[in-house]
Amino acid sequence: RKEVEQDPGPFNVPEGATVAFNCTYSNSASQSFFWYRQDCRKEPKLLMSVYSSGNEDGRFTAQLNRASQYISLLIRDSKLSDSATYLCVVIPEWASWGKLQFGSGTQVVVTP
Amino acid sequence: NAGVTQTPKFRVLKTGQSMTLLCAQDMNHEYMYWYRQDPGMGLRLIHYSVGEGTTAKGEVPDGYNVSRLKKQNFLLGLESAAPSQTSVYFCASNRGQGQPQHFGDGTRLSIL
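Residues numbered from 1 in each chain as written. Chains lettered and ligands numbered in written order. Predicted model: local features only at pLDDT ≥ 70, side-chain atom pairs only at ≥ 80, totals over all residues. Heavy atoms only, no water.

Undergrad: Summarise the confidence of the model for chain A; cite the residues concerned and give the values.
TA: Overall, the predicted model of chain A reaches an average pLDDT of 91, with 95% of residues at or above 70. Of all secondary-structure elements in chain A, the lowest mean pLDDT belongs to strand β10 (residues 101-102) of chain A, at 87, while strand β11 (residues 106-111) of chain A reaches the highest, 97. (pLDDT = per-residue confidence, 0-100. Helix = DSSP H or I, 4+ residues; strand = E, 2+ residues; numbered from the N terminus.)

Undergrad: Before we move on, can you summarise the interface of chain B and chain A with the specific residues and values?
TA: Opposite the 23 residues of chain B that make contact, chain A presents 22 residues. In this structure, the connection of chain B to chain A is made through 2 residue pairs in polar contact (both at pLDDT 80 or more). Among the elements of the structure, β4 (31-37), β5 (43-49) and β9 (87-94) of chain B are those that each provide at least two residues to the side of chain B that touches chain A. In terms of residue class, the side of chain B that touches chain A is made up of 12 nonpolar, 8 polar and 3 charged. (Contact = heavy atoms within 4.5 Å. Polar contact = N/O pair within 3.5 Å; in protein donor to acceptor, adjacent residues only side chain to side chain. Nonpolar A, V, L, I, M, F, W, Y, C, P; charged D, E, K, R; others polar.)

Undergrad: Could you give an account of the environment of Leu22 of chain B, naming the residues involved and the relevant values?
TA: Residues and elements named next belong to chain B. Its location among the elements puts Leu22 in strand β3 (residues 19-25). For Leu22 and Gln6, which are 16 residues apart along the polypeptide, the C-alpha to C-alpha distance reads 5.7 Å. Setting aside residues up to four positions removed in sequence, Leu22 forms contacts with Thr5, Gln6, Thr7, Trp34, Asn73, Phe74 and Leu75.

Undergrad: So what's going on with the sheet that holds strand β6 (residues 55-57) of chain A? Residues and values would help.
TA: Strand pairing in a sheet relies on backbone hydrogen bonds, with the paired strands running either antiparallel or parallel. Residues and elements named next belong to chain A. Taken together, the 5 strands give an open sheet; going across it, the order is β1-β3-β8-β7-β6, and neighbouring strands pair in antiparallel fashion. Each having just a single partner strand, β1 (4-6) and β6 make up the two edges of the open sheet. Here the strands of the sheet are splayed against their neighbours by 20 degrees on average, with no regard to which way each runs. (Pairing = 2+ DSSP bridges. Axes fitted to C-alpha atoms, helices over the stretch in contact; angles between N-to-C directions.)

Undergrad: Please provide a residue-by-residue account of the state of the cysteines, values included.
TA: Counted by the stated rule, this structure contains 2 disulfides over all chains. Here Cys23 of chain A is linked by a disulfide to Cys88 of chain A, with a sulfur-sulfur distance of 1.9 Å. Taking the sign of the torsion about the S-S bond as the criterion, the disulfide between Cys23 of chain A and Cys88 of chain A, at about -65 degrees, is left-handed. Of this pair, Cys23 of chain A sits in strand β3 (residues 19-25) while Cys88 of chain A sits in strand β9 (residues 84-91), and the two are 65 residues apart along the sequence. Here Cys23 of chain A falls in the buried class, since its relative accessible area comes to 0%. Put simply, Cys23 of chain B and Cys91 of chain B are joined by a disulfide, and their sulfur atoms are 1.9 Å apart. Here Cys23 of chain B and Cys91 of chain B share a disulfide; its torsion about the S-S bond, -75 degrees, makes the bridge left-handed. With Cys23 of chain B in strand β3 and Cys91 of chain B in strand β9, the pair connects residues that are 68 residues apart, well separated along the chain. (Disulfide = S-S within 2.5 Å. Buried < 20%, exposed > 50% of the residue type's maximum accessible area, 1.4 Å probe, protein only.)

Undergrad: Tell me about the side chain of Ser49 of chain A, residues and numbers included.
TA: All names here are of chain A. With respect to the helices and strands, Ser49 occurs in strand β5 (residues 45-50). Owing to a relative accessible area of 17%, Ser49 belongs among the buried residues under this scheme. Each residue touching Ser49, except ones within four places of it in the same chain, is listed here: Phe33, Phe34, Asn55 and Ala62.

Undergrad: Give a detailed account of unusual backbone geometry, specifying residues and quantitative values.
TA: Omega for the bond connecting Gly9 of chain A with Pro10 of chain A falls within 30 degrees of zero, at 5 degrees, which places this linkage in the cis form. With omega at -5 degrees, the peptide bond leading from Thr7 of chain B into Pro8 of chain B counts as cis. As for its placement among the helices and strands, Pro8 of chain B is situated in the loop between β1 (4-7) and β2 (10-13). Phi is positive for Gln69 of chain A, which is not a glycine, with a value near 55 degrees. On the secondary structure map, Gln69 of chain A appears in the loop between β7 (60-65) and β8 (70-75). Despite not being glycine, Asp77 of chain A has its phi angle at roughly 45 degrees, a positive value. As for its placement among the helices and strands, Asp77 of chain A is situated in the loop between β8 and β9.

Undergrad: Which residues make up the nonpolar core, and what values do they have?
TA: Grouped together as the largest cluster of nonpolar side chains are 22 residues, with contacts concentrated most on Phe21, Trp35, Ile71 and Tyr86 of chain A. Among the secondary structure elements, those contributing two or more residues to this core are β3, β4 (32-38), β5, β7, β8, β9 and β11 of chain A. The residues contacting Phe21 of chain A, other than those within four sequence positions of it, are Phe11, Trp35, Ile71, Ser72, Leu73, Ile75, Tyr86, Thr106 and Val108 of chain A. In this structure, Trp34, Val66, Phe74 and Tyr89 of chain B belong to the second largest nonpolar core, which totals 18 residues. (Core = buried A, V, L, I, M, F, W, Y, C linked by side-chain atoms within 4.5 Å.)

Here you go:
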């Protein structure tokens with residue numbers, strides 16, 4: 001089983017709609033979580049950190065469910081520019097050198 | 001701010017040739033990383049460094065060497081390139097454990 005798993009998609013979303021997807025992780029002691037965005041094999045860019053209480057950044061909402069070991073990302077009012085691959089990133093408790101574990105990504109395609 | 005800069009952006013090599021990829025960061029980050037990303041796969045860690053003069057193996061280190069002689073630079077070397085090393089290479093850096101990584105814009109390497 002992979003340490004970090006994501007549904008590869010694609011999630012086809014009409015412009016203006018809401019889309020949500022999850023990322024599961026296997027290490028229950030994982031301590032830090034992030035969502036990155038990657039466009040067409042360009043470099044990954046940090047979208048947002050994920051906090052225990054959940055957090056929002058504009059149209060994006062991230063949630064952490066420690067009991068079920070997953071994080072989620074919800075995008076409201078989807079824009080064409082939201083089309084990208086969203087990478088889930090987890091820092092496991094045992095990673096003493098700042099190594100991150102990346103999911104393979106969830107592709108989102110926003111259509112007009 | 002330049003952030004993380006990778007050189008070169010593109011390169012084509014013949015099997016057996018050698019080359020060095022350069023990563024430079026101007027954020028005074030302690031930790032630096034080299035990843036490769038192949039179609040349909042997530043980022044895989046090749047080597048990393050937790051400070052000037054230190055290096056360590058990641059998930060897929062075979063066929064690569066690295067050096068971190070200066071804090072701001074992290075070099076990735078291919079001594080004898082093989083077609084299996086055709087990939088997109090990303091360099092990243094961060095301040096330390098638990099912190100998100102900042103990525104360079106990648107080096108696209110093809111080995112014929």
